[in-house]
Amino acid sequence: MPKGLTDLLAQAISDIYWTDERIGKYGEKLTERKLNLINLFGRKGKTLKNIYIPKENGETSEIDLVYITAKGIFVLESKNYSGWIFGDAESHYWTSCLPNKTKNRFYNPLKQNCTHIKWLSSYMSQFSSIRIPMYSVIVFSERCELKKVPDDSKAVIICKRDSLYRKIRKIWDTLPDIFSERDIEATYNILMRLTNVSDAQKQAHIDSVNKRAHGNTPAEKPAASISPVNNTAQQTAASNSTAPPVCPRCGSPLLLRTAKKGENAGNQFYGCSSFPKCRYTNNIEKRKDTP
C-alpha cells in the first residue's frame, strides 16, 4: 500500500532527527541502563560515558562506556546497528546487511576497542601501582543478528544488548577481585575528569577520526592483543614501577615531595596534588642522618 503524505512527512522528519550520531548516543544510553541492571543484582560497579583518553600525539581516543568494578574495568564499544552482522578478528571492516540488501561497512570493533584499551591502560599506569585488568565488550543492538562473529574469550565479549547482563554474570565469578570499593571510587574520579571536555576538543577528535577514515592520516595500529592482567607475577612487576599512586581520599594523583620544615625536614613523602583542598600525605622515605 503506497504511503500517504503524512507517512512520508513523518519519515522525512525521522530521517532528519535520527542522525548516525543520535542513533549511536541512544544506543550508548540503552547499554548504560543494562549495566545499571547488573548493579541491582549485587555485582556493583560505576559507569562513565564518552571518555576522551589523551594519546601521545596530542589527539584523543573516545571510549563509549566503561564499567569500573572489583574485577577491573569493562571497556564497552556500543554498536547500534540493525540487520545481519558479519565480521572476524582480522578483517579491517565488518558488515551490516539489511533486509533490503543495503550493506553498511564499519571499522572492526575488536580492533577499535583494542586501541581504546591500549590508551586507557597507558593513561591509568601513571596512577596505579599495578596493571589494571581490562575486558573488551562489544555490544550490538537487539535489532540485529550476529550472523558470523568471533566467539567470546575470557578477555573479549561480543553480544547483543539484551544478553549483556547474562554474559558478564557468566564470567564474573571466575575473575579475582582486584579493586576495593575505595579503588573503584578513586578510578571513577580519575576518569570522570576525562568526560568534561570542551566542544572544541570534541570537534578536534571528530576531525581526527574523519581524516583517518578518509586516508588522510595513517591508520592507528591497535595493540597486538587483549588479555586480562590478573596474575601475581605481572602485578608484582608492575608494582615495582615508578608510576605515582592515587590519593585514596579524593582520587587525585599523588606527587613526590620533600619536607622543608620541622622535624621531618628532608624526608620524602607523597602529597595529594589537590592540596590544600585535600591534605592526604604518605611518608615513603626517612632521612638518613649524616655522620
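Caption draft 1: Representation of the environment of Ile130 in the model. Along the chain, Ile130 turns up in the loop between helix H3 (109–124) and strand S7 (134–140). Once the C-alpha coordinates of Ile130 and Ile178 are considered, the two residues, 48 residues apart in sequence, prove to be 9.6 Å apart.

Caption draft 2: How the structure looks around the packing of aromatic side chains. Going through the model one piece at a time under the given rule, you end up with nine aromatic pairs. Aromatic pair Tyr123 and Phe127: ring centres 5.2 Å apart, planes at 65 degrees, arrangement edge-to-face. The residues Tyr123 and Phe127 share a single accessibility class, namely buried. The positively charged end of Lys46 is found above the aromatic ring belonging to Tyr188, 4.0 Å away from the centroid. We note Lys147 situated over the ring of Trp84; from NZ or CZ to the ring centre the distance is 4.1 Å.

Caption draft 3: Local environment of the sheet that holds strand S4 (residues 83–86). In spatial order, the strands read S6-S5-S4-S8; together these four strands make up an open sheet with mixed pairing. Of all strands in the sheet, those bounded by a partner on one side alone are strand S6 (103–107) and strand S8 (144–148). Each strand of the sheet is rotated relative to its neighbour by a mean of 25 degrees, with strand direction disregarded. Direction of pairing for S4 relative to strand S5 (residues 93–97): antiparallel, over a ladder of three bridges.

Caption draft 4: Examining the pairing of S4 more closely. Pairing of S4 with S8, which is carried by four bridges, proceeds in the parallel orientation. Paired with Trp84 across the strands is Glu145, a residue of S8. Connecting S4 to the antiparallel partner S5 that follows it, the hairpin turn spans six residues.

Caption draft 5: Local environment of helix H4 (residues 164–172). What H4 keeps buried is the set Leu164, Tyr165, Lys167, Ile168, Ile171 and Trp172. Projection of H4 onto a plane perpendicular to its axis shows the buried side chains occupying an angular sector of 165 degrees, all on one side.

Caption draft 6: View of helix H5 (residues 181–192). The terminal C-alpha atoms of H5, which comprises 12 residues, lie 16 Å apart, in line with the 16 Å expected from a rise of 1.5 Å per residue. Burial in H5 covers these residues: Ile184, Ala186, Thr187, Tyr188, Ile190 and Leu191. In this fold, the buried residues of H5 make contact with strand S1 (45–54), strand S2 (60–69), strand S3 (72–79) and H3.

Caption draft 7: Layout of the side chain of Lys167. Inspection of the secondary structure puts Lys167 in helix H4. A polar atom in the side chain of Lys167 sits 2.5 Å from the side chain of Asp152. In this structure, Lys167 is in contact with Asp152, Ile157, Ile158 and Cys159, ignoring residues within four places of it in sequence.

Caption draft 8: View of the pairing of strand S9 (residues 156–160). Most of S9 sits out of view: four of its five residues are buried. Two strands pair when backbone bridges link them, and S7 and S9 are joined in this way by five bridges, in the parallel orientation. Along S9, the bridge assignment pairs Phe140 with Lys160.

Caption draft 9: View of the pattern of salt bridges. Taken as a whole, this structure holds seven salt bridges when the rule is applied. Note that Lys46 and Glu185 form a salt bridge whose closest N and O atoms lie 3.1 Å from each other. With Lys46 in strand S1 and Glu185 in helix H5, this pair connects stretches of sequence that are 139 residues apart. For Lys46, a relative accessible area of 27% translates into the label partly exposed. By relative accessible area, which is 35% here, Glu185 ends up partly exposed. For Lys167, the salt bridge is made with Asp152, and the minimal N-O distance between the two is 2.5 Å. Residue Lys167 is found in helix H4, and its partner Asp152 is found in the loop between S8 and S9; the two are separated by 15 residues along the sequence. By relative accessible area, Lys167 is classed as buried at 19%.

Caption draft 10: The packing of H3 against H5, seen in detail. As a packed pair, H3 and H5 sit with axes 12 Å apart at the nearest point and diverge in direction by 110 degrees. Relative to H5, the element H3 lies roughly perpendicular. Remark: the crossing between H3 and H5 carries right-handed chirality. Taken together, the residues of H5 that come into contact with H3 (itself represented by Leu120, Tyr123 and Met124) are Thr187, Ile190 and Leu191. Class assignment for the residues of the contact of H3 with H5 results in five nonpolar, one polar and no charged.

Caption draft 11: Quick peek at the state of the cysteines. Evaluated as defined, the whole model comprises zero disulfides. Free of any disulfide, Cys159 has its nearest neighbouring cysteine sulfur in Cys144, separated by 9.8 Å.

Reading guide: rules and limits
- Residues numbered from 1 in each chain as written.
- Predicted model: local features only at pLDDT ≥ 70, side-chain atom pairs only at ≥ 80, totals over all residues.
- Heavy atoms only, no water.
- Helix = DSSP H or I, 4+ residues; strand = E, 2+ residues; numbered from the N terminus.
- Phe/Tyr/Trp six-rings, centres within 6.5 Å; stacked < 30°, edge-to-face > 60°.
- Buried < 20%, exposed > 50% of the residue type's maximum accessible area, 1.4 Å probe, protein only.
- Lys NZ or Arg CZ within 6 Å of the ring centre and 35° of its normal.
- Pairing = 2+ DSSP bridges.
- Axes fitted to C-alpha atoms, helices over the stretch in contact; angles between N-to-C directions.
- Arc of directions from axis to C-beta.
- Expected span 1.5 Å × (residues − 1).
- Contact = heavy atoms within 4.5 Å.
- Polar contact = N/O pair within 3.5 Å; in protein donor to acceptor, adjacent residues only side chain to side chain.
- Salt bridge = Lys/Arg side-chain N within 4 Å of Asp/Glu carboxyl O.
- Parallel < 35°, antiparallel > 145°, perpendicular 65-115°, else oblique.
- Left-handed = near helix turned anticlockwise from the far one by under 90°.
- Nonpolar A, V, L, I, M, F, W, Y, C, P; charged D, E, K, R; others polar.
- Disulfide = S-S within 2.5 Å.

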